[in-house]
Amino acid sequence: MQQEALSFFSSSFPSLHRSFPTLSRLRFHHFPALSFKPNTSSSSSSSLFKSPDFTNFTTTTTTTTTETLESSIHEKLIYLDSLGIDFLTLINRHPPLLSTALSAVKSVVDYMTTPPINFTLQDFRRLVSMCPELLTSPLNSHTIPVITFLLREVGVDSIFDLRQALRRRPRLLACSVDHQLRPTLYFLQRIGILDPHKHTYLLSCSVENKLVPRIDYFEKLGFSRRSAAAMFKRFPQLFNYSIAENYEPKLKYLMVEMGRDVREILEFPQYFSFSLENRIKPRHQACAAKGVRFPLPVMLKTNEAGFRDTLEVHFFVLNDSEELKRMKKPVSLPTF
């Protein structure tokens, strides 16, 4: 991989020369004024006013700068390669890594992979693959404040739980405490979610672009703001589901195909967590075939064997009930 990367950079760096302004122009602009004394010597006058030639100096400086940059990138490549991190993939996804000092990268790696945080290298590679900003974010002014916020303000119980939270949602490490994490925490607390340490994956969500629109959607169905918010309080994972790909098709099936009242989801918002094709449709169809109607939790939460057993029991009870009704029905005797 190192040879491939070096080939990549060697083909890319010639274009860097064009990005440097010519030093001859910059230096000439600030060149000190020369005092003029008349001199009849033509050779002396010509020499005095001849523009300085900085061509060799410019070429040397630009070459040195490029070589230094290449060396720095090469060192980062070797270091990250030793950790099992694909440098080329990362810079394609997150170009600022090119200009980040190797010392800064090493500081982040050391902090995240040694006690007390103590991620394994395998876990750290996964964090970086999902959140490359981790390697370029300032350790003291960004990464450590995020960790401190999760432990102190969110109430994550332990370093073990912290690692679990970051494994589940590495993007937390790319979020600003002041502009993203803390405002979202306050919003979740306002709607009654008082255990945010169990739902840290929501802290990286935008309040304006993701959380509020989902509550608004259920208000448009006719629920009060309080009732809609109560659904999310009861089942915070509901914030993670897509309106177009989850809410809408499942609500349509609930009301049209199953013939149920939409208010059933107020008590069982977990309905949206089940697969429409693999769980909701097959179980509804099985119930409909036997003329049985279960509450949503009974129909969806039990495992397959439990569901089939419960369905058979209710089917026989229903049949016995119908048979008893027929037996109790008075029989009219024929008249002669």
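For clarity, every value in this text was computed on a predicted model and none was experimentally measured. (Residues numbered from 1 in each chain as written. Predicted model: local features only at pLDDT ≥ 70, side-chain atom pairs only at ≥ 80, totals over all residues. Heavy atoms only, no water.)

Draft legend 1. Here's a closer look at the packing of aromatic side chains. Under the definition given, this model contains 13 aromatic pairs. Aromatic side chains Phe235 and Tyr241 sit 6.3 Å apart centroid to centroid with 40 degrees between the ring planes, which places their arrangement in the tilted category. The class for Phe235 is buried, based on a relative accessible area of 9%. In this structure an aromatic cluster arises from ring pairing among Tyr217, Phe218, Phe223, Phe232, Phe239, Tyr247, Tyr271 and Phe272. Seen from the ring of Phe315, Lys290 lies directly overhead, with NZ or CZ sitting 4.5 Å from the centre. (Phe/Tyr/Trp six-rings, centres within 6.5 Å; stacked < 30°, edge-to-face > 60°. Buried < 20%, exposed > 50% of the residue type's maximum accessible area, 1.4 Å probe, protein only. Lys NZ or Arg CZ within 6 Å of the ring centre and 35° of its normal.)

Draft legend 2. Region of interest: the packing of helix α13 (residues 243-257) against helix α15 (residues 276-290). Look at α13 against α15: their axes get within 12 Å of each other, and the N-to-C directions meet at 5 degrees. One finds that α13 runs roughly parallel with respect to α15. Along the contact surface, α13 presents Pro249, Lys250, Tyr253 and Glu257, while α15 presents Leu276, Ile280, Lys281, His284 and Gln285. Taken together, the residues of the contact of α13 with α15 break down into four nonpolar, two polar and three charged. (Axes fitted to C-alpha atoms, helices over the stretch in contact; angles between N-to-C directions. Helix = DSSP H or I, 4+ residues; strand = E, 2+ residues; numbered from the N terminus. Parallel < 35°, antiparallel > 145°, perpendicular 65-115°, else oblique. Contact = heavy atoms within 4.5 Å. Nonpolar A, V, L, I, M, F, W, Y, C, P; charged D, E, K, R; others polar.)

Draft legend 3. Here's a closer look at the side chain of His199. Looking at where His199 falls in the secondary structure, it is placed in the loop between α10 (177-190) and α11 (207-220). Contact partners of His199, with chain neighbours within four places excluded, come to Ile193, Pro236 and Gln237.

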